[in-house]
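As a plain string of letters, each chain reads:
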Amino acid sequence: MALLSMRDVSVGFGGSLVLEDINLQIERGERLGLLGRNGVGKSTLLKILAGELLPDEGIITRERGVQGLRVAYLSQDVPSGLAGTVAEIVSGGLPAPTPASAALTPDDAHEDSDSWRDRLLLDTVLARMQLDPTADFAQLSAGLKRRVLLARGLVCDPDLVLLDEPTNHLDTDAIAWLEDFLLRYRGTLIFVTHDRIFLRKLATRIIEIDRARLIDWACDYDTFVARKEAILETELTQEAVFDKKLAQEEAWIRQGIEARRTRNEGRVRALEHLRSERRDRRERPGALRMRAQEAERSGKLVIQAKDVGFSYGASPADRPIVRHLTTTVMRGDKVGIVGPNGSGKTTLLRLLLGELPPQEGAVRLGANLEIAYFDQLRSQLEEDRTVLENVADGREFVSINGRPRHVIGYLEEFLFTPDRARAYVGVLSGGERNRLLLARIFARPSNVLVMDEPTNDLDLETLELLEDLLLEYEGTLLLVSHDRELLNNVVTSTLALEGAGRVGEYVGGHDDWVRQRPDPRSAAPAAPAEKLPARANPTPEANTRPERPRSKLTFREQRELETLPARIEALEAEQAQLYRLMADPTIYQAGGDQVTQTAARLAALEGELAGVYARWEELEAKGSQAQ
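Residues numbered from 1 in each chain as written. Predicted model: local features only at pLDDT ≥ 70, side-chain atom pairs only at ≥ 80, totals over all residues. Heavy atoms only, no water.

Chemist: Residue-level account of the sheet that holds strand β12 (residues 334-338), with values.
Modeler: One open sheet accounts for six strands, arranged β14-β17-β18-β12-β19-β20; its pairing is mixed. Each end of this open sheet is capped by a strand with a single partner; those strands are β14 (371-374) and β20 (503-507). With strand direction ignored, the average angle separating the axes of adjacent strands in the sheet is 15°. The pairing of strand β19 (residues 493-497) with β20 spans five bridges and is antiparallel. Bridging across to β20, T494 finds its partner in Y506. Across the face of the sheet, helix α15 (residues 430-442) comes into contact with β14 and β17 (448-452) while running at roughly 175° to β14. (Pairing = 2+ DSSP bridges. Helix = DSSP H or I, 4+ residues; strand = E, 2+ residues; numbered from the N terminus. Axes fitted to C-alpha atoms, helices over the stretch in contact; angles between N-to-C directions. Contact = heavy atoms within 4.5 Å.)

In structure tokens form, the structure reads like this:
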């Protein structure tokens, strides 16, 4: 029996149906990627699966009934009002106590097995997700808050986990951790994301909502992309043939009374059927069309920074954001800026653009710069004004590449209907606000484009169009993003904030930076970032001094390497034995400290195994490089 199945499920909110005749079957262990444009009903479907929303029609069958199937749902936004320690927040996801355990008093000699199991689940999840149980939830970063909420969902050992944009506002390290965790997670997943690398690594099956219908592609993401493109081309061809036939029949019926003679009644009925079929056709949503207006060319030099330093403390050495940064941005460069959340990426942008004076060094801007700035907080948008007023400042026309264009027609290219164009910004969704800000900055000529996290809340189709636009843009681009594929495909060099004020500069995109960056485990002092030549060496150190050959393994290291496989085997055997012990119900009935001690040993074993594996890889790499 399937874990969960939906048959002919429909739901609407007063207008046309958001989801119509949905059929879906979910098996255990699957990882489903749910795709679709903004506003098509992806979050609505997740809420129905979670039991938070009832459909208008249709049947939903769960393996264990409505109450028995355990479902964890992580929404896009962090709920407001959550307070307490991490352990308190996570324990809120534990299942409600059984009537027997609820009746226990503090004077009972032993807690019942449910209480012991809850404590074990809590300790195990906190250890596996690397969370400090005593930390204050309110003081955590956005990424850690989402990790805590995921832990709260997983602590009940759910059968089905629903994730709505789990990578939103996470930095690349946090996304990589989440990918690794979910790959090792053995439960069933359904997730919505715009991160293409995340989709490729995790999704074993793609489902898509298109025009209120659910399409099950039953394949991975790359296969979906190829199949989708082929099917859309076929659909467009068939619709063109149908529309041509309908137009011919409409022209025939207008010829006069001959068309209504008895011998033509069948043709008239066929025309009525064609008309009915055309009325019932669900049109694909309009295609987003983005074009950046390019101003006159800037000077060859765009930005030059020399020995720049800045911190938020009393002196540049106190909480440094940037130290000894020396770099040059030339006309046509496409520069990516990466780093953990809170590391100062937006501050670095402001320093390079001259909006923030450096505490040390100097920044020089080139001549004839026309800068268009997409800020991640969307502070340029005025919420008490309409979409029209934000783009055209009360004018009816905007100038696009030297030609006047009615603002309503221009906004339709960004998928704003005339009614939506007259709406106030305060009622727009996150995706609509991003599209509005893109429309606003592209309505003005520029030769320097600054994009600070432009991909948040964008669907995959819009994201790919934005990527094409940035690739074709002939001016200079500064791009802050956590979207690894966008960085890989667009930027030609990367500035990476690597801690302690160090800003490393690397040729290429995100994956090139990961290959070239220093080992995070080695604490190197901050050094001036130097401009790399066009042909980069494999490591950052190779740009300043010749690479010295690595020494081969010492006798002690060789002996250590030989003993590591046996040590790993012994640790894994102990781990398997402890898992079998924890699965035995009698351990919970015995009481005492055995459960706590076993759970603590399991958590310690995971850390010990990770350290041994890392040491094995280190010695293997050292031995192979010495050959």
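Chemist: Describe the packing of aromatic side chains, naming the residues involved and giving the relevant values.
Modeler: In the structure shown here, the tally under the stated rule is six aromatic pairs. On the basis of an interplanar angle of 90° and a centroid distance of 5.5 Å, the ring pair of F191 and F198 is categorised as edge-to-face. You'll find F191 and F198 in the same group, each marked buried. An angle of 90° between the planes, with centres 5.3 Å apart, marks the rings of F310 and Y312 as edge-to-face. Taken together, the ring pairs connect W217, Y221 and F224 into an aromatic cluster. (Phe/Tyr/Trp six-rings, centres within 6.5 Å; stacked < 30°, edge-to-face > 60°. Buried < 20%, exposed > 50% of the residue type's maximum accessible area, 1.4 Å probe, protein only.)

Chemist: Explain the pairing of strand β3 (residues 31-35) to me, using residue names and the numbers behind them.
Modeler: Judged by how many residues are buried, β3 sits mostly within the fold: five of five residues are covered. Because side chains alternate across β3, one face comprises the buried residues R31, G33 and L35, and the other comprises L32 and L34, equally buried. Note that β3 and strand β8 (residues 205-210) share four bridges and pair parallel. Looking across to β8, one finds that L32 is bridged to R205.

Chemist: Kindly report on the nonpolar core, identifying the contributing residues and their values.
Modeler: Ranked by size, the top nonpolar core spans 44 residues in total, and within it V86, V90, M129, V148, L182, L199 and I206 carry the most contacts. With six residues, the top contributor of residues to this core is helix α7 (residues 172-184). For I206, the residues in contact, after removing those within four places along its chain, are G33, L35, L199, I215, D216, W217, A218, C219, D220, Y221 and F224. One finds A421, A443, L458 and L477 within the second-largest nonpolar core, a separate group that totals 43 residues. (Core = buried A, V, L, I, M, F, W, Y, C linked by side-chain atoms within 4.5 Å.)

Chemist: Which residues make up the sheet that holds strand β4 (residues 57-62), and what values do they have?
Modeler: Spatially, β2-β1-β4 is the arrangement adopted by the three strands of the open sheet, whose pairing is antiparallel. One side of each edge strand has no neighbouring strand; the edge strands of this open sheet are β2 (17-26) and β4. The mean inter-strand angle of the sheet, taken between neighbouring strand axes irrespective of direction, is 15°. As paired elements, strand β1 (residues 4-12) and β4 share five bridges and run antiparallel to each other. Bridged to S10 within β4 is E57. Against the sheet, helix α1 (residues 42-50) touches β1, β2 and β4, its axis set at about 125° to β1.

Chemist: I'd like a description of a negative patch on the surface, backed by residues and values.
Modeler: Residues D8, D21, D56 and E57 make up a contiguous surface patch of negative charge. With respect to the secondary-structure elements, D56 resides in the loop between α1 and β4. (Patch = residues over 30% accessible without salt bridge, like charges linked within 9 Å, V, L, I, M, F, W, Y side chains within 5 Å. Areas by Shrake-Rupley, 256 points an atom, 1.4 Å probe, with all protein chains shown as cover. Salt bridge = Lys/Arg side-chain N within 4 Å of Asp/Glu carboxyl O. Lys, Arg positive; Asp, Glu negative; His and termini not counted. Charge placed at Lys NZ, Arg CZ, Asp CG, Glu CD.)

Chemist: Could you give an account of the pattern of salt bridges, naming the residues involved and the relevant values?
Modeler: In this structure the tally under the stated criterion is 32 salt bridges. One salt bridge in this structure joins E179 and R484, with 2.5 Å as the shortest N-O distance. Highlighted residues: E179 in helix α7 and R484 in helix α17 (residues 484-490), separated in sequence by 305 residues. Summarising the burial analysis for this pair, E179 and R484 share the class buried. The residue R444 makes a salt bridge to D393 at a minimum N-O spacing of 3.7 Å. Of this pair, R444 sits in the loop between α15 and β17 while D393 sits in the loop between α12 (387-392) and β15 (397-400), and the two are 51 residues apart along the sequence. Its relative accessible area of 38% is what places D393 among the partly exposed residues. Salt bridges linked by common partners bring E382, R385, E389, D393 and R444 together as one network.

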